[in-house]
Amino acid sequence: MQLVHTIEDLRTALRPFNSPAFVPTMGNLHDGHLNLVRSAKPLGDVVVSSIFVNRLQFAPNEDFDSYPRTLKADCERLEQAGCDVVFAPLEKELYPVPQQFKVHPPGELADILEGHFRPGFFIGVSTVVMKLFQCVFSEAKGPRYALFGKKDYQQQMVIKRMVQQYAMPITVIAGETQRASDGLALSSRNGYLNERERAEAIQLSLALRTLAREALATAEAMPQQLPALESRAMHALAARGWQPDYLTVRRRSDLLTPRTRDATTPGSLVVLGAARLGSTRLIDNFEV
């Protein structure tokens, strides 16, 4: 496995290959990331992963400075998973001057849910992903693949739309959320949880499953019943000491509120949630 730190060295490393399969990350890797790498292996002729903590997607009050940087351990795990090239640029390599050209995804997708509670987040995500795509795929001659996890459900939707609208010759693949034995979605931020919080953390997933079950039980009247069901789910989680941002049922196609036709069509909905437990903000979702 090669570890490179500059765009020039990355392109040199990838020049002999035709069809990269790319897994972008911010490091501090868990089995969810590694499963994406393993899934990438049969797709292309070289597997590339990036490790870069992207300042543009962090708000001033978020954890950019404290986000764990674990490059050595990450590289060891990536090599074991079958990664061929790791691109770990310094910030001055990817942003040699302030990034004034930015990708602004449409507000109807990017300013709701995560985008509402983290203003500008998807601008930062889209901009860095666009730039990483230019770094990784510039030498490609054959099919190009990029893999993102479904735990960040809205994020992978934004990236898919960006690729479609810019007519980029890249196939975006969404990998299933990987979970701990108790059902907690794997996340780099789970490491922030203390022992008590870790035991409590599964309650977000359980609350989402309960919300999904109750919503589907009233499918015919879901548009009218949903606000009350969502409010009850949030109050129940808050009663356990959480600070919920949202627990909601949406359409998979566009993350808008479902209509009766959507609610009664199997496989058309997703339930999503974000809530803070102590100082740690967790997200999760289930397709229903």
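The following refers to the structure shown. Quantities reported herein were computed from a predicted structural model and do not represent experimental measurements. (Residues numbered from 1 in each chain as written. Predicted model: local features only at pLDDT ≥ 70, side-chain atom pairs only at ≥ 80, totals over all residues. Heavy atoms only, no water.)

Our focus in this paragraph is the overall build of the chain. Summing up its helical and strand segments, the chain has 12 helices and 9 strands in all. On C-alpha atoms alone, the chain measures out to a radius of gyration of 19 Å, which is about the 19 Å that the 2.2 N^0.38 rule sets for 288 residues. Taken over the C-alpha atoms alone, the chain extends approximately 55 × 40 × 35 Å along its principal axes. Residue pairs at least 24 apart in sequence account for 73% of intrachain contacts in the chain once pairs closer than 6 positions are excluded. Working note: accessible area of the chain is about 13,500 Å², and carbon and sulfur atoms make up 52% of it. (Helix = DSSP H or I, 4+ residues; strand = E, 2+ residues; numbered from the N terminus. Rg over C-alpha atoms; globule rule 2.2 N^0.38 Å. Contact = heavy atoms within 4.5 Å. Areas by Shrake-Rupley, 256 points an atom, 1.4 Å probe, with all protein chains shown as cover.)

A few words now on the packing of helix α1 (residues 7-14) against helix α7 (residues 121-137). At a minimum axis separation of 8 Å, α1 and α7 run at an interaxial angle of 45 degrees. Judged on the interaxial angle alone, α7 and α1 are oblique. Along the contact surface, α1 presents Ile7, Leu10, Arg11 and Leu14, while α7 presents Gln134, Cys135 and Val136. Classifying every residue of the contact of α1 with α7 by side-chain character gives 5 nonpolar, 1 polar and 1 charged. (Axes fitted to C-alpha atoms, helices over the stretch in contact; angles between N-to-C directions. Parallel < 35°, antiparallel > 145°, perpendicular 65-115°, else oblique. Nonpolar A, V, L, I, M, F, W, Y, C, P; charged D, E, K, R; others polar.)

Attention now moves to the sheet that holds strand β6 (residues 171-175). With parallel pairing, the 6 strands of this open sheet are ordered in space as β1-β4-β3-β2-β5-β6. Since the sheet does not close on itself, it has two edges, and those belong to β1 (2-4) and β6, each with one partner. On average, each strand axis in the sheet is inclined to that of its neighbour by 25 degrees, with strand direction left out of account. By the bridge criterion, 2 bridges tie strand β2 (residues 20-25) to strand β5 (residues 145-149) in an arrangement that is parallel. Across the sheet, residue Phe22 finds its bridge partner in β5, namely Ala146. Strands in contact with α1 are β1, β3 (46-51) and β4 (85-87); relative to β4, the strand with the most contacts, it is inclined by about 165 degrees. Strands in contact with helix α2 (residues 31-40) are β2, β3, β5 and β6; relative to β2, the strand with the most contacts, it is inclined by about 175 degrees. (Pairing = 2+ DSSP bridges.)

A separate point is the environment of Ala215. Along the polypeptide, Ala215 turns up in helix α10 (residues 202-217). Judged by its relative accessible area of 1%, Ala215 is buried. When the C-alpha atoms of Ala215 and Gln225 are compared, they prove to be 7.8 Å apart, with 10 residues separating the residues in sequence. If we skip the residues at most four places from it in the chain, Ala215 touches Met222, Leu226, Leu229 and Val249. (Buried < 20%, exposed > 50% of the residue type's maximum accessible area, 1.4 Å probe, protein only.)

With 45 residues, the main nonpolar core has Leu10, Phe133, Ile159 and Leu255 as its most contacted residues. The set of elements that each furnish at least two residues to this core consists of α1, β3, β4, α5 (107-110), α7, β5, α8 (153-165) and β8 (269-277). Among the elements that take part in this core, α7 stands out by supplying 11 residues, more than any other. With sequence-adjacent residues up to four places away left out, Leu10 is seen in contact with Val4, Val48, Val85, Phe87, Cys135 and Val136. (Core = buried A, V, L, I, M, F, W, Y, C linked by side-chain atoms within 4.5 Å.)

What follows covers the pattern of salt bridges. If you walk through the whole model with that rule in mind, you get 20 salt bridges. Lys72 is the salt-bridge partner of Glu76, the closest N and O atoms lying 3.0 Å from each other. You can see Glu76 and its partner Lys72 sitting in helix α3 (residues 71-81), 4 residues apart, about one turn around the helix. Taking relative accessible area as the criterion, Glu76 reaches 40% and is therefore assigned partly exposed. The salt bridge partner of Glu287 is Lys150, with a shortest N-O separation of 3.1 Å. Within this pair, whereas Glu287 is found in strand β9 (residues 280-287), its partner Lys150 is found in the loop between β5 and α8, the two being separated by 137 residues in sequence. (Salt bridge = Lys/Arg side-chain N within 4 Å of Asp/Glu carboxyl O.)

A word on the packing of α2 against α3. Their axes nearest at 9 Å, the elements α2 and α3 cross at an angle of 35 degrees. With respect to the hand of their crossing, α2 and α3 are arranged in right-handed fashion. Residue-level contacts link Asp31, Leu34, Val37 and Arg38 of α2 to Arg77, Leu78 and Ala81 of α3. Among the residues forming the contact of α2 with α3, the class breakdown is 4 nonpolar, no polar and 3 charged. (Left-handed = near helix turned anticlockwise from the far one by under 90°.)

What follows concerns the side chain of His30. Take His30: it is sitting in the loop between β2 and α2. His30 sits in the buried class, given a relative accessible area of 16%.

Turning our attention to the side chain of Arg251. Tracing the chain through its elements places Arg251 in strand β7 (residues 243-251). Residues within four places of Arg251 in sequence aside, it is in contact with Leu256, Thr257, Pro258, Arg259, Asp262, Ser268, Leu269 and Val270.

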